[in-house]
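Residue-level listing of the chains:
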Amino acid sequence: MDRFIGILTAGGDSPGLNAAIRGVGKAAQNGFNMRVIGFKDGFRGMVENRTVRLEGHALSGILTLGGTILGTSRDKPQKMPVGNSVMDMTDVLVDNYHRHHLDALVCLGGGGTQKNAYHLMQRGLNIITLPKTIDNDVAMTDVTFGFDTALGIATEAIDRLHSTAHSHHRIIVVEIMGHNAGWLALGAGVAGGADVILIPEIPYDINSVANAILERSRGGKHFSIVAVSEGALSIEEAQALEAQKKASRHKNKKKKKATEAPAEIENCPPQSRTVVLAQKLEDLTGLESRVTILGHLQRGGAPSPADRLLATRLGTACAEFINEGVFGVMVAARGDGSVPVPLSEVAGKRKVVPLDHPWIHSARLVGTCLGD
Ligand code: F6P
């Protein structure tokens, strides 16, 4: 009897998604005679039963394409905006799983998707996931697809900013994606030779940063490149955020109004924090500053060869695990291989940069200021 699998992509898009869809779909069809359908726009499309056939030529010519041919959204099945309200649509999604006689649902996504997939696994569906995000912050995998491509784009940006910063004797602060983890800013910063790298894992002291820039000036280098993660915070901001979180935990616990939460940190978009940072550095150093926000450029365009390889490796392994009946797992990259990791060990966890990571160690040894 034919076996059927469904595929969806959820969360922010990432280079390599199409390579992964192709890897799962081709291996499932060619290797194991499975039938494959796609759901449009993440969990929302599955709730709304919007499908795409992924047979025949549908998987041809997509290996090198950026984005996702399925479309994506950040909607969660258990908290989905419907009209003016937010509803738990899990039952509808489960009904659609059975309506298509699925033997498995493959969810391609980052941390949020792993959590939502775990929720569906607990509802009895055969779920298997793949780790994608340019942020590289999914737990239990060596790396996520999308990261290598974004790393290349951010590094090239730093390379290009060097000549203009040097010519104008300026500080250029370049904001790199990564709300909660600094992998991208750290990686691109080290690879591109940024003079200062600021990441969420290391709250920074603005005076240390300014002193590092002044020290370079005194040595005859009248320009500096500051690579900053969008989630990087100063020591004061990090303390205020901690107090804010504590107050809201207290509020939830006691179910009464918390006192004076410093709401401005959470409400302050990263772009404005980056602009404020650049202005402060200009004031403290006397050097003119400029800001470059790389934004969604880092997520767009063709995947790098390394991401195509990774996505194909994980995608084809995913089809093999489905064939063996291995469910409730994320297919993780481990060394050169692909291993199934229980979703219970991935959901709700985040892989941040360890403070003793070799990239941090090397950055310090080449004299990069990390803001502490
Ligand atoms: O997917 C992760 C990420 O790229 C983060 O680095 C960034 O903060 C966020 O997505 C931006 O998301 P959106 O596409 O919703 O603006």
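Heads up: these notes are all about the structure in this document. (Residues numbered from 1 in each chain as written. Predicted model: local features only at pLDDT ≥ 70, side-chain atom pairs only at ≥ 80, totals over all residues. Heavy atoms only, no water.)

### Looking at the sheet that holds strand E8 (residues 171-176)
Note the threshold: Two strands make a pair as long as DSSP finds a minimum of two bridges between them. Secondary structure elements are defined from DSSP: runs of H or I of at least 4 residues count as helices, runs of E of at least 2 residues count as strands, and each element is numbered from the N terminus. All axes here are fitted lines through C-alpha atoms, helices being fitted over the stretch that makes contact, and every angle between N-to-C directions spans 0 to 180 degrees. In what follows, a contact means two residues having at least one pair of non-hydrogen atoms within 4.5 Å.
Sheet architecture is open: four strands sit in the order E9-E10-E8-E11, paired in parallel fashion. In this open sheet, the two edge strands, each paired with only one partner strand, are strand E9 (196-198) and strand E11 (289-293). When strand polarity is set aside, the average angle formed by the axes of neighbouring strands in this sheet is 15 degrees. Where helix H6 (residues 183-192) meets the sheet, it contacts E8, E9 and strand E10 (224-229), and its direction lies at approximately 170 degrees from that of E9. Of the strands in this sheet, E8, E9, E10 and E11 touch helix H10 (residues 270-285), which is tilted by about 160 degrees from E8.

### Some thoughts on H10
The condition is simple: Every helix has an expected span of 1.5 Å times one less than the residues it contains. Each residue gets one of three labels from its accessible area relative to the maximum for its type: buried under 20%, exposed over 50%, partly exposed in between, using a 1.4 Å probe on protein chains only. This arc is taken over the directions from the axis of the helix to the C-beta atoms.
Taking 1.5 Å per residue, 16 residues should reach 22 Å; H10 reaches 22 Å between its end C-alpha atoms and fits that length. Every buried residue belonging to H10 is among Pro270, Arg273, Thr274, Leu277, Ala278, Leu281 and Thr285, and all of these are buried. Buried positions in H10, seen along its axis, are confined to an arc of 140 degrees and lie on one side of it. Count one or two residues on from H10 and you reach Gly286, which has phi positive near 80 degrees.

### Some thoughts on the sheet that holds strand E6 (residues 104-109)
If you walk across this open sheet you meet the seven strands as E3-E2-E1-E6-E7-E12-E13, and the pairing is mixed. For this open sheet the edge positions go to strand E3 (51-53) and strand E13 (337-342), each flanked by a neighbour on one side alone. Each strand of the sheet is rotated relative to its neighbour by a mean of 30 degrees, with strand direction disregarded. Alignment of strand E7 (residues 127-131) against strand E12 (residues 329-334), held across two bridges, turns out to be parallel. Bridge pairing links Ile128 to Val329 in E12. On top of the sheet, helix H4 (residues 111-122) reaches E6, E7 and E12; it is set at about 170 degrees to E7, its chief contact.

### Re the site of the ligand
Short version of the rule: Here a residue counts as near a molecule or strand whenever at least one of its heavy atoms sits within 4 Å of it. Counted as a polar contact is a pair of N or O atoms within 3.5 Å, where, for protein atoms, one must be capable of donating a hydrogen and the other of accepting one, and residues adjacent in sequence contribute only when both atoms are in side chains. What sets the accessible areas is the Shrake-Rupley method with a 1.4 Å probe; for residues, cover comes only from the shown protein chains. The residue classification treats Ala, Val, Leu, Ile, Met, Phe, Trp, Tyr, Cys and Pro as nonpolar and Asp, Glu, Lys and Arg as charged. All others, Gly included, are polar.
For the ligand, the full set of nearby residues is Arg74, Ile134, Asp135, Met177, Gly178, His179, Glu230, His296 and Arg299. Residue Arg299 places a side-chain N or O atom 2.7 Å away from an oxygen atom belonging to the ligand. In isolation the ligand exposes 400 Å². Once the protein is present, 73% of that is buried. Considering only residue class, the shell around the ligand consists of two nonpolar, three polar and four charged.

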